[in-house]
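# Notes for the structure review
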Amino acid sequence: MNVIIKQQLIESVAKKLIEHADELTALDQAVGDGDHGLNMKRGFEAILADCEAHAAKPFPDMFKGIGTQLVMKVGGASGPLYGTLFMAFAKEVTDPPTLDGACKALGAAIEAVKARGKSEPGQKTMLDVLVPVHAEWSSGGADLGKRLLDSAKSASESTIPMKAIRGRASFLGDRSIGHMDPGARSSQLMIEAIIQVLGES
Ligand code: ADP
Ligand code: MG
């Protein structure tokens, strides 16, 4: 895959999460310990600093390297979980990637996150965005980028009425209801940033 596109993907995702750090912090203040914004900012600043080195690698190695940095730098629950997502994606994806192959790789990566987090969709986590977006992608058809954007947005919003069953927010029980899950929002932001580079069609 073209080095320029890989650089654009990394920069787009990293800058998006850095820009939204305060919002992610506020979401995590409502249902957690308020560190999700800073956790993601720290991780993606490190990734941005190594952007050229990451982009110079073959596609799977790029994801493996980014996943490793997420585990080391993000911390919290989300660091190992996002790290698992990226590293498991790296194991399946090809260089150059195909649309179908990347979709299957995301499916495998989601299964790895479920196993690592002992979690399922419906528990108010990042999986509540990743799983429906993957399902939409799997269904194929026209206007895929636009549909994935819409799916990610409604999926993150769908976490508002959910009661948290996993992660720190689960300590709040019913009081977790009425707030968007911070990890669902950060997953939505990643998807938006990727589609901004690859286009909506
Ligand atoms: P911590 O909860 O350790 O402070 P963060 O605040 O960085 O870590 O991340 C919290 C996010 O991680 C949650 O909003 C949720 O989306 C995600 N998360 C937490 N536990 C799990 C889990 N078991 N499975 C999937 N996602 C999880
Ligand atoms: Mg937190």
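In short, a report on the structure. (Residues numbered from 1 in each chain as written. Chains lettered and ligands numbered in written order. Predicted model: local features only at pLDDT ≥ 70, side-chain atom pairs only at ≥ 80, totals over all residues. Heavy atoms only, no water.)

### Structural notes on a nonpolar patch on the surface
A grouping of Met1, Ile5, Ile194 and Leu198 is seen on the molecular surface, where their side chains present a nonpolar patch of about 300 Å² in accessible area. The residue Leu198 is located in helix α10 (residues 182-198) in this model. Classification of Leu198 as exposed rests on a relative accessible area of 52%. (Patch = residues over 30% accessible without salt bridge, like charges linked within 9 Å, V, L, I, M, F, W, Y side chains within 5 Å. Areas by Shrake-Rupley, 256 points an atom, 1.4 Å probe, with all protein chains shown as cover. Salt bridge = Lys/Arg side-chain N within 4 Å of Asp/Glu carboxyl O. Helix = DSSP H or I, 4+ residues; strand = E, 2+ residues; numbered from the N terminus. Buried < 20%, exposed > 50% of the residue type's maximum accessible area, 1.4 Å probe, protein only.)

### So, the packing of aromatic side chains
Per the counting criterion, the structure on display carries three aromatic pairs. Plain terms: the ring middles of Phe59 and Phe63 are 4.9 Å apart, the flat faces sit at 80° to each other, and that makes the pair edge-to-face. Within this pair, Phe59 and its partner Phe63 are both found in helix α5 (residues 59-73), separated by four residues, close to a single helical turn. Both residues of the pair, Phe59 and Phe63, belong to the buried class. (Phe/Tyr/Trp six-rings, centres within 6.5 Å; stacked < 30°, edge-to-face > 60°.)

### A short note on the coordination of the magnesium ion (ligand 2)
Summarising the metal site, the magnesium ion (ligand 2) is bound by the protein donors Asp28 (OD), Asp33 (OD) and Asp35 (OD), whose distances to it range over 2.0 to 2.2 Å. We note that the donor set of the magnesium ion (ligand 2) lies within a single chain, spaced as D-x4-D-x1-D. (Donors = N, O, S within 2.8 Å, 3.2 Å for Na, K, Ca; no water.)

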